[in-house]
Structures are given as C-alpha cells and as structure tokens.
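Below are the chains, spelled out letter by letter.
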Amino acid sequence: MKNKLLKFLKSAFPYIIVLILWRLSISFWNPAGILAIIPIFYCSFVRPVPWFAPFAIIFCFLIDYRFDSLIYWTVMYCLFYAANGFQSFVDLSRQDKNALQIFMFFFGTSILILSFLHLNISNLLRSIWLFAWVSTLYIPITTLIKRVCDDR
C-alpha cells in the first residue's frame with residue numbers, strides 16, 4: 001500500500017507543483033502565478049509527462065486570467081509546442097542544465113513581446129526583473145521535479 005501511494009505521489013508531483021506555484025501568486029515574487037510556467041515547460045518539453053499538455057494549456061489559460069492577458073501565455077505555449085513538434089534538430093531531453101537556454105529563449109521572447117505591447121520604462125524594468133527571477137528559479141524547480149519523479 002505504501003509503495004502504491006509513493007508511486008502515485010511521484011506521478012502526480014508535476015501536476016501538484018504547477019497547482020502550488022500558480023496558487024502562490026504574489027505581486028512582486030510570483031505575479032499571476034507565472035512561476036508555474038517553469039514546471040509547465042519542463043514537464044511538457046524536457047521531461048514529457050503523459051497527459052500533461054492538456055493540463056498545461058488549462059494552467060496557461062489560468063495564468064492569462066490572472067495576468068489579464070487575453071490567452072497570451074496559452075498561445076505562446078501552443079506555438080512553442082507546435083514548433084517543438086515539427087523540429088528535429090534539438091533534443092530537449094538531452095540539453096545541459098535541464099534545457100535552461102531553451103527555456104530562457106521561450107520565456108524571454110514571450111516576456112519581450114508582452115513588454116513591447118505597452119512600452120514604458122516601468123514595464124521594461126518589470127520585464128527584466130521577471131525574466132531574471134524566473135530564469136534563476138528554473139534550475140532549482142526542475143531539479144526538485146527531477147529528484148522527486150526519478151524512478152531509480
């Protein structure tokens with residue numbers, strides 16, 4: 001019984017961490033639950049979890065809801081998901097540092113486009129802070145997911 005419970009918790013952990021990071025929304029440290037984009041990216045592209053894509057789309061939509069950005073993060077996720085499906089040059093599961101560079105490209109491009117929609121110095125500084133903060137937390141969060149979900 002204990003083994004089955006541990007196996008269930010290991011398989012449910014990516015879903016749980018997305019829910020927790022989305023719920024812990026704090027305006028400066030985690031605006032609109034944007035830190036949930038880290039496990040969404042990691043569990044969709046780097047270490048694919050079965051049936052995670054529909055869950056990721058729902059939570060991208062929920063991030064949009066809190067950001068008041070009309071399906072922006074959902075569209076960016078779906079575009080990157082489609083581009084990743086069509087490309088065969090980069091194997092994200094074999095990248096260094098849990099594909100940090102690819103995540104920084106995805107998130108940086110998304111946040112740059114979002115900051116150019118309402119260009120002023122305040123939005124630019126907020127975008128730089130958000131990019132630096134989310135990129136810094138990418139490695140600890142993905143390492144936690146990897147260690148908890150490791151089947152060895």
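Rules of the game
- Residues numbered from 1 in each chain as written.
- Predicted model: local features only at pLDDT ≥ 70, side-chain atom pairs only at ≥ 80, totals over all residues.
- Heavy atoms only, no water.
- Phe/Tyr/Trp six-rings, centres within 6.5 Å; stacked < 30°, edge-to-face > 60°.
- Helix = DSSP H or I, 4+ residues; strand = E, 2+ residues; numbered from the N terminus.
- Buried < 20%, exposed > 50% of the residue type's maximum accessible area, 1.4 Å probe, protein only.
- Lys NZ or Arg CZ within 6 Å of the ring centre and 35° of its normal.
- Expected span 1.5 Å × (residues − 1).
- Contact = heavy atoms within 4.5 Å.

1. Let's talk about the packing of aromatic side chains
Okay, step 1: Taken as a whole and assessed by the stated rule, the structure comprises 26 aromatic pairs.
Okay, step 2: Between Y15 and F52, the aromatic rings sit 5.2 Å apart at their centres with planes inclined by 50°, giving tilted as the arrangement. With Y15 in helix α1 (residues 2-23) and F52 in helix α3 (residues 52-67), this residue pair connects regions lying 37 residues apart in the sequence.
Okay, step 3: Here Y15 falls in the partly exposed class, since its relative accessible area comes to 21%.
Okay, step 4: Since its relative accessible area comes to 1%, F52 is described here as buried.
Okay, step 5: Taking 5.5 Å as the distance between ring centres and 20° as the angle between the ring planes, the aromatic pair formed by W73 and F107 counts as stacked. Taken together, the residues span a long stretch of sequence, with W73 in helix α4 (residues 72-86) and F107 in helix α5 (residues 100-117) at a distance of 34 residues. Each member of the pair W73 and F107 is classed as buried.
Okay, step 6: Counting every residue linked through ring pairs, the aromatic cluster contains F41, F45, F67, Y72, W73, Y77, F80, Y81, F103, F106, F107 and Y138.
Okay, step 7: A cation sits over an aromatic face here: R66 above W22, 3.9 Å from the ring centre.

2. Thoughts on α3
Okay, step 1: For α3, spanning 16 residues, the distance from its first C-alpha to its last is 22 Å, which sits close to the expected 22 Å at 1.5 Å a residue.
Okay, step 2: Along α3, the residues classified as buried are F52, A53, F55, A56, F59, C60, I63 and D64.
Okay, step 3: At its buried positions, α3 is contacted by α1, α2 (37-46) and α4.
Okay, step 4: Backbone geometry just after α3 places D68 at a positive phi near 60°.

3. Details of unusual backbone geometry
Okay, step 1: With a phi angle near 60°, A32 is a residue other than glycine that sits in the positive phi range.
Okay, step 2: The phi torsion at W51 lies on the positive side, around 60°, for a residue other than glycine.
Okay, step 3: Among the structural elements, W51 can be located in the loop between α2 and α3.
Okay, step 4: Assessed through its relative accessible area of 73%, W51 is described here as exposed.

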